[in-house]
Each structure stands twice: as C-alpha cells, then as structure tokens.
Amino acid sequence: MAKNYYDILGVDKKATQDDVKKAFRKLAQKHHPDKGGDEAKFKEITEAYSTLSDEKKRREYDSYGQTFQGGGAGGYGGFDPSQFGGFGQGGVEFDLNDLFEGFGDIFGGRSGRSRIKRGRDISIDIEATFKESILGGKRSVLLTKVGTCDTCEGSGAKPGTELETCKTCNGQGKMHETRNSPLGAFTSVRTCPTCEGSGKIPKEKCTACSGHGVMRKEEEMQIHIPRGMDGGEMIRMPGQGEAVKGGVSGDLYVKVHVKPHPVFKKEGMNLVMNMPMKLTDALLGTTTTITTIDEKKLEVKIPPMTEAQQTLRLKGKGVVLDSQSGDLLIRLTATLPKKISGKAKKAIEELKSEGL
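Keep in mind that this is a model prediction, so the values were computed, not measured. (Residues numbered from 1 in each chain as written. Predicted model: local features only at pLDDT ≥ 70, side-chain atom pairs only at ≥ 80, totals over all residues. Heavy atoms only, no water.)

Looking now at the overall build of the chain. Of regular secondary structure, the chain possesses seven helices and 19 strands. A total of 356 residues make up the chain; the buried ones form 35% of that total. Put simply, of all contacts in the chain between residues at least 6 apart along the chain, 60% involve residues at least 24 apart. Approximately 21,300 Å² of the chain is accessible, and the part contributed by carbon and sulfur atoms is 48%. (Helix = DSSP H or I, 4+ residues; strand = E, 2+ residues; numbered from the N terminus. Buried < 20%, exposed > 50% of the residue type's maximum accessible area, 1.4 Å probe, protein only. Contact = heavy atoms within 4.5 Å. Areas by Shrake-Rupley, 256 points an atom, 1.4 Å probe, with all protein chains shown as cover.)

Next comes the structure, spelled out in structure tokens:
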C-alpha cells in the first residue's frame with residue numbers, strides 16, 4: 001500500500017513548500033537518531049519530504065501515488081543530502097540558515113558563515129495618565145537586566161590588559177564536530193564555550209564581570225510615550241533589551257496602560273466630554289468655560305433652543321498627530337431640577353399656555 005506522505009508530515013494537500021519545510025524541520029528535530037529518536041521514523045519523514053519538496057516529484061505523487069525518478073541517496077526515496085550544502089570530507093555539512101535552522105547544537109552553518117548572537121528581549125508594563133497618552137510624555141524606570149559591563153566595556157578583559165587568541169578554537173569562535181547518522185557523517189558547528197564565539201580571550205579577566213563582558217545590573221531607562229496612545233499599546237525600544245557578549249542587545253517592549261480621566265474619553269482622533277446644562281440654558285443659550293486636556297481655558301457658546309441632547313464639535317481640539325488633528329466633542333444634556341419654587345412653577349405654567 002502506498003504511503004501517504006502528507007499524513008506522515010502532518011500537512012494538508014494544499015500545503016505550500018514553506019509549510020512542508022517547516023513540518024519536516026519540526027519532525028526531523030524530534031525523531032533524529034542523534035537526539036534519541038526513532039531511526040525508522042526519521043527515514044520515513046525524510047522520504048516524504050524528499051518527494052513533497054520537489055515540485056516534479058510532488059506532481060507525480062499527487063497523480064499516481066508514486067514517483068518515477070531514480071533511487072535516492074542511501075535508499076531515502078530520492079532524498080539527496082547534497083542539496084543542503086555539499087559533501088565534506090566523509091560527510092555532509094548542513095547550513096543552519098537553510099533547512100535545519102534552529103537545530104542549534106546538531107547542525108551548523110557553512111564554513112565562513114555565522115549567525116549574529118542576539119540578547120534576550122524583555123517586556124515591562126507602565127501606567128500613564130490620560131493626559132500623557134494624548135499629549136505624550138516621558139517616564140523613567142529602574143530596570144534590572146543583563147547589560148554591557150561598564151568596567152571593561154564588554155571586552156571581558158581587565159582594563160589595561162590585552163586579549164589573546166582563543167586556543168580552544170584557534171580564534172575561529174566556533175568548533176566543528178562530526179557525528180554519524182543514517183544519512184552519513186554530519187558536520188556540527190557550535191559556539192566555542194571558552195571564548196563564547198569571539199575568538200579572543202582576556203589575558204586577565206575583568207573582576208567586575210568575571211570576564212563575561214556582560215553582567216546583571218540596574219539601569220535607569222528613559223521611556224518616551226508618544227502622542228495619541230491607546231491603552232494596551234506597545235512601545236518597542238530597539239537594542240534596550242538584554243546584552244550578550246559578541247552580539248547585539250535584544251529589544252525592550254513597554255506595554256502602556258492608560259488611567260481613565262474623570263472628564264475626557266478618547267474615540268479615535270477625537271476627545272469626548274459630557275456637559276450637563278440647565279433647562280434655561282438650553283432654551284435661552286449661554287456661554288460657559290471648560291478646561292481642555294492641556295490645561296487651557298476655553299469659552300464654549302451654547303446656542304439658544306438647544307435640544308435636550310446635542311453634540312457640539314470644536315474643530316482641531318482633539319488628538320494632534322503630525323499634521324492631523326481630531327475634534328473635541330461636547331455632548332450636552334439638559335437636566336431637570338429636582339425641585340421648583342412657586343414662582344418658577346407659575347412661569348412654566350405661562351409657557352405651557354403658550355404651547356411650549
């Protein structure tokens with residue numbers, strides 16, 4: 001009975017080449033014999049990948065349930081290890097950035113190619129006032145993280161001393177190891193544990209960081225809150241995450257929580273406020289003063305015969321972003337008094353007689 005290569009890799013018949021590659025990469029890492037996996041299963045998923053990753057073979061398989069091309073390498077259903085980086089001396093050297101990206105200590109990159117080390121990303125939460133979220137602001141926070149050593153400036157060497165070539169890796173920063181597998185002998189590349197990939201080691205270690213070039217310390221971070229932020233939005237600060245020797249620092253992600261305001265709310269680019277008014281002001285009109293989000297006084301004219309519920313729009317008094325600005329919406333609501341005097345009642349009766 002023909003094997004179902006799609007089921008073996010756990011992908012749909014409509015799966016893209018990228019989907020097939022990702023599925024194989026995941027299964028190969030799980031079942032690789034060097035990781036204690038099942039050799040027969042590894043052979044099966046390799047056979048499936050060799051067919052589905054080749055467009056011509058895949059068309060034949062979809063049409064006839066099999067392929068008609070010649071035998072493969074080592075009986076692996078047409079799988080040719082040379083497609084992943086060429087044969088080395090007695091084996092195959094895989095490219096970490098190609099198929100087996102992410103295998104880490106099993107497969108390495110081609111000679112001369114290395115991946116830049118990157119520090120860990122970190123995230124924090126801060127609380128901003130509503131005013132800061134609209135107008136922008138600054139915030140200082142103390143953060144404990146791994147950073148570059150201030151004493152040796154990241155070299156790991158005692159100030160005034162020199163670096164020398166690492167004898168473990170002969171200054172290469174990486175080490176090659178050969179392992180046997182069903183596909184032959186694989187060349188594995190890993191970072192040199194002695195120099196941590198730099199190829200140099202200090203003659204005398206920095207006493208502050210013990211030669212690591214980085215250390216855990218407390219840093220004061222300046223966070224700029226941009227204009228017009230909504231609660232729950234994230235600020236990305238590149239290079240402000242944790243440091244790593246011989247590499248680049250990760251990023252800092254700041255999630256901003258906005259405190260509610262007693263008067264204003266934000267709706268897109270607009271600011272909204274509710275304003276109750278007396279019934280007489282709604283009938284006769286009036287002028288009132290409000291305080292805007294930037295603490296300025298602003299006179300607002302309520303026209304006569306205003307409806308019990310109406311919205312006034314003040315152009316350009318909302319959120320300002322670059323050359324765009326929203327509006328300030330004032331939602332008026334006429335309120336009725338809880339008690340009225342005899343004089344007021346008489347006046348209302350007169351209005352009633354006039355049909356008002």
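Turning to the environment of G156, a few remarks are in order. Tracing the backbone through its elements, the reader meets G156 in the loop between strand 4 (137-148) and strand 5 (163-165). In this structure G156 comes out as buried when scored by relative accessible area, which is 0%. Ignoring any residue separated from it by four or fewer positions in sequence, one finds G156 in contact with P202, E204, K205, C206, C209, G211, H212 and G213.

What follows is about the sheet that holds strand 19 (residues 328-335). As summarised here, the arrangement of the four strands in space is 12-13-19-16, forming an open sheet in which the pairing is mixed. With one partner strand each, in any of the chains shown, strand 12 (264-267) and strand 16 (309-314) form the two edges of the open sheet. Ignoring which end each strand starts from, the neighbouring axes of this sheet average 30° apart. Sheet analysis places strand 12 next to strand 13 (residues 270-278), joined by four bridges and oriented antiparallel. From the neighbouring strand, E267 faces strand 13, where its bridge partner is N270. (Pairing = 2+ DSSP bridges. Axes fitted to C-alpha atoms, helices over the stretch in contact; angles between N-to-C directions.)

Let us now look at the confidence of the model for the chain. Overall, the prediction assigns the chain a mean pLDDT of 81, with 83% of residues at 70 or greater. Here residues 70-113 is a poorly scored stretch, pLDDT under 50, and it has 103 contacts once near neighbours within four places are set aside; other chains count. (pLDDT = per-residue confidence, 0-100.)

An ideal rise of 1.5 Å per residue puts 20 Å on 14 residues; helix 3 (residues 39-52) measures up with 20 Å between its terminal C-alpha atoms. Buried within helix 3 are the following residues: F42, I45, T46, E47, A48, Y49, S50, T51 and L52. At the N-terminal end of helix 3, a side-chain oxygen is found 2.9 Å from the backbone nitrogen of A40, two or three residues along, and the residue is D38. (Expected span 1.5 Å × (residues − 1). Polar contact = N/O pair within 3.5 Å; in protein donor to acceptor, adjacent residues only side chain to side chain.)

Turning next to the packing of aromatic side chains. One pass over the full model with this rule turns up three aromatic pairs. Taking the centre distance of 4.4 Å and the plane angle of 10° together, the rings of F24 and Y49 count as stacked. Separated by 25 residues along the polypeptide, F24 in helix 2 (residues 17-31) and Y49 in helix 3 bring together distant segments of the chain. Clustering of aromatic rings is evident, with ring pairs tying together Y5, Y6 and Y61. (Phe/Tyr/Trp six-rings, centres within 6.5 Å; stacked < 30°, edge-to-face > 60°.)

The next thing to look at is the pattern of salt bridges. Evaluated as defined, the whole model comprises 20 salt bridges. With a closest N to O distance of 3.5 Å, K3 and E47 form a salt bridge. Of this pair, K3 sits in the segment before helix 1 (5-9) while E47 sits in helix 3, placing them 44 residues apart in sequence. Judged by relative accessible area, K3 falls into the partly exposed class, the value being 38%. Residue class for E47 comes out buried when judged on its relative accessible area of 14%. In the salt-bridge network here, residues are joined through shared partners; they are R118, D121, R236 and D251. (Salt bridge = Lys/Arg side-chain N within 4 Å of Asp/Glu carboxyl O.)

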